[in-house]
Amino acid sequence: MVISCRRVLLSHHHLLLLFLALSAIDANLEGDALYALRRSLNDPENVLQSWDPTLVDPCTWFHVTCDPAHNRVTRLDLGNAKLSGKLVPELGKLESLQYLELYMNNLTGPIPAELGQLKSLVSLDLYHNDLTGSIPSSFSNLSNLKFLDVSNNDLCGTIPTSGAFSKFTQESFVNNSRLEGPELMGFVRYDVGGCK
Amino acid sequence: MPLLLLLLLFALSSGVSTQDNSTLHILMEVKKSFLQDPLNVLQDWSLHNPNFCAWTGVSCSPTSSLQPRLVALDLSNSSLRGSLSPALALLPHLLLLNLSSNHLSGPIPPTLSNLSSLESLLLFSNQLSGPIPPQLGSLLNLQVLRIGDNFLTGPIPPSFGNLRNLVTLGLASCTLTGRIPPELGRLAQLQNLVLQQNQLDGPIPQELANCSSLIVFTAALNRLNGSIPSGLAGLNNLRTLNLANNTLSGEIPTQLGEMSQLRYLNLLGNQLQGTIPKSLANLTDLQSLDLSGNRLSGEIPGELGSMGQLVYLVLSSNNLTGDIPRGICSNASSLEYLMLAQNQLSGRIPTELSDCKSLKQLDLSNNTLDGFIPEELYELHQLTDLLLNNNTLSGSISPFIANLTNLQTLALYQNNLKGSLPKEVGMLGKLQILYVYDNQLSGEIPVEIGNCSSLQMVDFFGNQFTGQIPITIGRLKQLNFLHLRQNDLSGEIPASLGNCHQLTILDLADNRLSGSIPATLGHLQALEQLMLYNNSLQGNLPDELSSLTNLTRINLSHNKLNGSIAPLCTSRNFLSFDVTNNGFDHEIPRQIGNSPALERLRLGNNLFTGQIPWTLGLLQQLSLLDLSGNLLTGQIPVQLSLCKRLTHLDLDRNLLSGPIPFWIGRLPLLGELKLSANKLSGSLPQELFNCSNLLVLSLEDNSLNGTLPPEVGKLKSLNVLDFNGNQLSGPIPPTIGQLSKLYLLRLSRNSFSGEIPAEIGQLQNLQSVLDFSYNNLSGRIPSSIGRLSKLEALDLSHNALVGEIPPQVSEMSSLGRLNLSFNRLQGKLDKRYARWPATAFDGNWNLCGSPLQNCKDIKSANGETGLSESSVVIISAISTTFAVILLLLGAALFFKHRREALRRGSALDSAYSSSSSQAQRRPLFDNAAAKNDFRWIDIMEATNNLSEEFIIGSGGSGTIYKAELFTERRWQ
């Protein structure tokens, strides 16, 4: 639901006049989530130009692929697109997302813990960015995750060891100078506090 | 100077007293500066009527010398145009000069400072420009100076601090810049200081605290910064303090609570922090308190509820936390407006709100309030607006809502409300806006809603309403927005909806509506958006819909509608048009090309016939064209080349013929080109490879031939490349390795030949599938393929690949599907291949090891080396000559039988079927000269290298194998 509450702070005599502008034309939960990402990113090459939040669903947006039967987002392919800015927690709402490909950009900030809600996620490629913070412990919930590459970032803390993480090798994590492990994997409990 | 000369001349030449005469002529000079006088207020200003004291707007006072003194000139509100005459400065006895509310332009003459007696200078509401002359600061008798609502620029002259008798200084609504001069603090008589709506910056000077007579101080809508000086609290007489919409920061001084006369306090739209001082509750005369749009935190002080005179309490858009204080209405008998929206308030809505008996507007939206809507709230009979949206309220909507007979706006959307919408809602005859979307309301929409005769906007989106749309909704003559999307509504669309002539948006999508679209909808001539997608509507479109000429957006997709869409194609204002997934037939109407702003046209998955209309070329704004899954014939019309904004072109699954048009390469924005499953023929046009923004290129299942040129490497953005099922031949160009963003690559079922280029290993993002199956590829599998570390499916089956499988392939841990069957691969399989079914490697007669048969059988005769075709032939020939002869005989008989079966059109599978899902099989040796000959390789393949499972018997002279050779050869 795109709710743009454009109440202009003029005087309280006008308080209720402008809230009507929020008329809910179309619900587009997944589109809203992706649009939140667009708003959070700098996009010098305009690769996100086609992301029109007024459409019923985001399935005709470039770099977004949907499951044709249900029109749910299954892929996000934004590798090597010169994007900068931060990831947004709203991405966790893309329930059917299988492939999140955001490699080789200039993304900064933390990996939102909400990505741990992406139960269908098969592949998560965040390599070659400038992401900081820890790998959220919620990622141990990603039971379908087969491919993970967060190498070449600035992540810290320890690597989750349970769930899908038991099968990832060192290559998934290399070149994060402050990331503990992976030689400690399986021996050190996940520790949120160890990362500043 | 010429003016003075002129006056002197007049004085000398006339017999009248100099004073009198000069005033007369000065006024005539003043008159000249009023270029237009549409109301003729200056009609009596004439030399023929020399008694100027009787002129409109002129007042004189009698004097001892019998010569009247002009003391007041008041031409306000007279629609005068022109400018301020400098001659005004020659009227030294003026006490009042009022030219306000005209259309005067130009500067304020600095010489007005000569009017030393002036007490009131009123020039407001004109179009005066330029700076305020600092000289005005010498008008020491000035009590009222109002020059606002002009185009004045520059600073407020500090010299105004000299105007020690000034009571009112009005400078609002100009574009004054700079700071508020501290010198104003010397104005001890000043009661009204009105500076709002300028571009003043800097802090509010402490010195203003010395203006002890101040009653009104407004500086809203400027760029003032810094904190609110606590000294202002000493202004004991202040009644109005309006500092709204500046960039003031810091905390609200607790001392403001000492301003006992304050009636109006407005600090909205600043950057104030900290908590709301409890002391504000001491402002017992306060009628309006607006602190909204700041960064205030902490809890709302319950003490505010004791302010008996308060009418407006507005604390919205802050960071306030905690519960809404129970005491907020304890003594708030005058409170009419309580606005607490957009904070982080939590807990329940206090029942005590019902004590605010005068409440007209209650806005608690956008908080985190939970619990039920208290029944007591429905006792607030005066309520016109109740906004509780965007909370986590639960429970149901009480039938007591009927009490709120004055309600105009009811916004309960985005909560967790359950239960039904009570029929008592029908008692709300003044209700204009009813928004309950995004809740879990269920049951039927009450028919009584038809009694809400003032309803304009109804949004029930995202609930679980069931049953029919009440027929009574047709009584809502004011309705212009009806949004019932995503409920469980069933039955037919009521024909009565056609009576809601004001409707501009009708959205009934995502329900279970059935029946046909009523013809009465054709009466909704104001309709701009019609959304009926995802229902079970059926039948033809009524011809009456052709009256809907104002439609901009229509979406009827995913229904069972059929017939022609022509009735919908009359509007010339379409922006989007979507009827996908219906049973519409006939040709696509040419009129669809009449909407020059159309951006998205989706007609996919219908039964449209005929050709793609050329009029689509008129749609210059068209960005998405989806005609997939129809029965369209003919060629792709060249006029589409005019649609330069096309980003998506999807013509999949039609009967289109002819070549892929070369002009597609001239669509600069094209991102997706889908032409699969048509009858397109010819070769790939070179221009196609100019589409450097192309993300998806789907050309599978056509009859394309020729080669795949090296220029394919120019499609650098490509994610998906699918040429499966064509007749492309020649080598796979090594430049394909440049498509670094590919996640899917299918070149299967063509006639590609030559080796797989090693550059394939550069496709680091290849993920979903790499499928080169059913080609004539030869040579070895490049070891670089093992670098495809994300690849999930690899299919190189049914080629003529030779050599050992590179060990790197066994290390591809990402693979979930592997098919290398039916090649000429050889050698012992690495242990790591044991995880795959045998079908992944079948039909490679020189491969052995798990999951295929043990290598020992072959090793015993063949030593340690890998098996080569010739050695096996020789060895086998020696060791099992007799068996082989038997086999050949048996196979020949069998094959003859099978050949006949094939001629009858039946296709049988081989005894051991490949795991691949492809049902079709292609001949193994397309290029074999004698197709009817049997070769060793065939037999060895057919028996899985004489595997034990094919033994049907054995005797002293050898073993008899049963073999079935492959069906579906091309015999023609």
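The shown structure was predicted, so the numbers you read here are calculated from the model rather than taken from an experiment.

Scoring rules and cut-offs
Residues numbered from 1 in each chain as written. Chains lettered and ligands numbered in written order. Predicted model: local features only at pLDDT ≥ 70, side-chain atom pairs only at ≥ 80, totals over all residues. Heavy atoms only, no water. Helix = DSSP H or I, 4+ residues; strand = E, 2+ residues; numbered from the N terminus. Buried < 20%, exposed > 50% of the residue type's maximum accessible area, 1.4 Å probe, protein only. Contact = heavy atoms within 4.5 Å. Areas by Shrake-Rupley, 256 points an atom, 1.4 Å probe, with all protein chains shown as cover. UniProt positions renumbered as here; feature names shortened; annotations may be inferred. Salt bridge = Lys/Arg side-chain N within 4 Å of Asp/Glu carboxyl O. Pairing = 2+ DSSP bridges. Phe/Tyr/Trp six-rings, centres within 6.5 Å; stacked < 30°, edge-to-face > 60°. Lys NZ or Arg CZ within 6 Å of the ring centre and 35° of its normal.

Attention now goes to the overall build of chain A. Across its full length, chain A carries 1 helix and 11 strands. Each helix and strand of chain A, ordered N terminal to C terminal, gives the series α-β-β-β-β-β-β-β-β-β-β-β. For chain A, buried positions account for 54% of its 196 residues. The contacts of chain A with a sequence gap of at least 6 include a subset with a gap of at least 24, amounting to 49%. Of the roughly 8600 Å² that chain A leaves accessible, carbon and sulfur atoms contribute 51%.

Here we take up the environment of aspartate 578 of chain B. Residue placement: aspartate 578 of chain B occurs in strand E41 (residues 576-578). Each C-alpha atom, one on aspartate 578 of chain B and one on leucine 688 of chain B, is 28 Å from the other, the two residues being 110 residues apart in sequence.

We now examine the UniProt feature "domain: Leucine-rich repeat-containing N-terminal plant-type" (unreviewed entry) in chain A. Mapped onto this numbering, the UniProt entry gives "domain: Leucine-rich repeat-containing N-terminal plant-type" (unreviewed entry) at residues 28-67 of chain A. Secondary structure content for residues 28-67 of chain A is 30% helix and 15% strand, and the end C-alpha separation is 15 Å.

What follows deals with the pattern of salt bridges. Applying the stated criterion across every chain yields a total of 17 salt bridges over all chains. The salt bridge partner of lysine 790 of chain B is glutamate 101 of chain A, with a shortest N-O separation of 3.3 Å. A residue pair is termed interchain when its members come from two chains, as with lysine 790 of chain B in the loop between strand E56 (776-780) and strand E57 (793-795) and glutamate 101 of chain A in strand E5 (residues 99-101). Glutamate 101 of chain A shares its class with lysine 790 of chain B; the two are buried. The salt bridge partner of aspartate 510 of chain B is arginine 485 of chain B, with a shortest N-O separation of 2.6 Å. Of this pair, aspartate 510 of chain B sits in the loop between strand E35 (505-507) and strand E36 (512-514) while arginine 485 of chain B sits in the loop between strand E33 (481-483) and strand E34 (488-492); the two residues are 25 residues apart in sequence, bridging distant segments of the chain. The exposure class of aspartate 510 of chain B is buried, given its relative accessible area of 16%. With relative accessibility at 5%, the residue arginine 485 of chain B sits in the buried group. Beyond isolated ion pairs, a larger network of salt bridges with shared partners links Glu30, Arg72 and Glu95 of chain A.

The subject of this paragraph is the pairing of strand E2 (residues 64-67) of chain A. Remark: a regular strand shows side chains that alternate across the two faces of the sheet. All names here are of chain A. As paired strands, E2 and strand E3 (residues 72-77) are joined by 4 bridges and run antiparallel to one another. Counted as the bridge partner of aspartate 67 is arginine 72 from E3. Between E2 and E3, which pair antiparallel and follow one another directly, the connecting turn spans 4 residues, one of which, asparagine 71, has a positive phi of 55 degrees.

This part takes up the packing of aromatic side chains. In the structure shown here, the tally under the stated rule is 16 aromatic pairs over all chains. Relative to phenylalanine 577 of chain B, the ring of phenylalanine 574 of chain B has its centre 5.1 Å away and its plane inclined at 85 degrees; by these criteria the two rings are edge-to-face. When sorted by exposure, phenylalanine 574 of chain B lands in the same class as phenylalanine 577 of chain B, which is buried. Feature note: the residues Tyr413, Tyr435, Tyr437, Phe461 and Phe481 of chain B constitute an aromatic cluster, connected by ring pairs. Directly above the ring of tyrosine 99 of chain A sits arginine 75 of chain A, whose terminal nitrogen or CZ lies 4.3 Å from the centroid. Sitting over the face of the ring of tyrosine 743 of chain B, arginine 75 of chain A holds its NZ or CZ atom 3.3 Å from the ring centroid.

Turning to unusual backbone geometry, a few remarks are in order. In this model, serine 850 of chain B is joined to proline 851 of chain B through a cis peptide bond whose omega is 10 degrees. One can find proline 851 of chain B in the loop between strand E61 (846-848) and helix H4 (856-862). A positive phi angle is found at asparagine 175 of chain A, which is not glycine, with a value near 60 degrees. Of note in this structure, glutamine 342 of chain B is not a glycine but carries a positive phi near 55 degrees. Take glutamine 342 of chain B: it is sitting in the loop between strand E22 (337-339) and strand E23 (344-348). We classify glutamine 342 of chain B as partly exposed; its relative accessible area is 36%.

Whenever strands of a sheet pair, they do so through backbone hydrogen bonds, lying parallel or antiparallel. Residue and element names in this part refer to chain B. Read from one edge of the open sheet, 3 strands run E38-E40-E42, paired in parallel fashion. Looking at the sheet topology across the chains shown, the edges are occupied by strand E38 (538-539) and strand E42 (583-584). Pairing of E38 with strand E40 (residues 560-563), which is carried by 2 bridges, proceeds in the parallel orientation. Among the inter-strand pairings, glycine 539 is bridged to a residue of E40, identified as leucine 561.

Moving on: the sheet that holds E61 of chain B. Residue and element names in this part refer to chain B. A sheet is described by the order of its strands in space; here 9 strands give the open sequence E46-E48-E50-E52-E54-E56-E58-E60-E61, paired in parallel fashion. With one partner strand each, in any of the chains shown, strand E46 (657-658) and E61 form the two edges of the open sheet. Pairing of strand E54 (residues 751-755) with E56, which is carried by 3 bridges, proceeds in the parallel orientation. Looking at the pairing, glutamate 755 lines up with serine 778 of E56.

Another aspect to go through is the side chain of serine 120 of chain B. One can find serine 120 of chain B in strand E6 (residues 120-122). Aside from chain neighbours lying at most four places away, what touches serine 120 of chain B is Leu95, Leu96, Leu97, Leu142 and Val144 of chain B.

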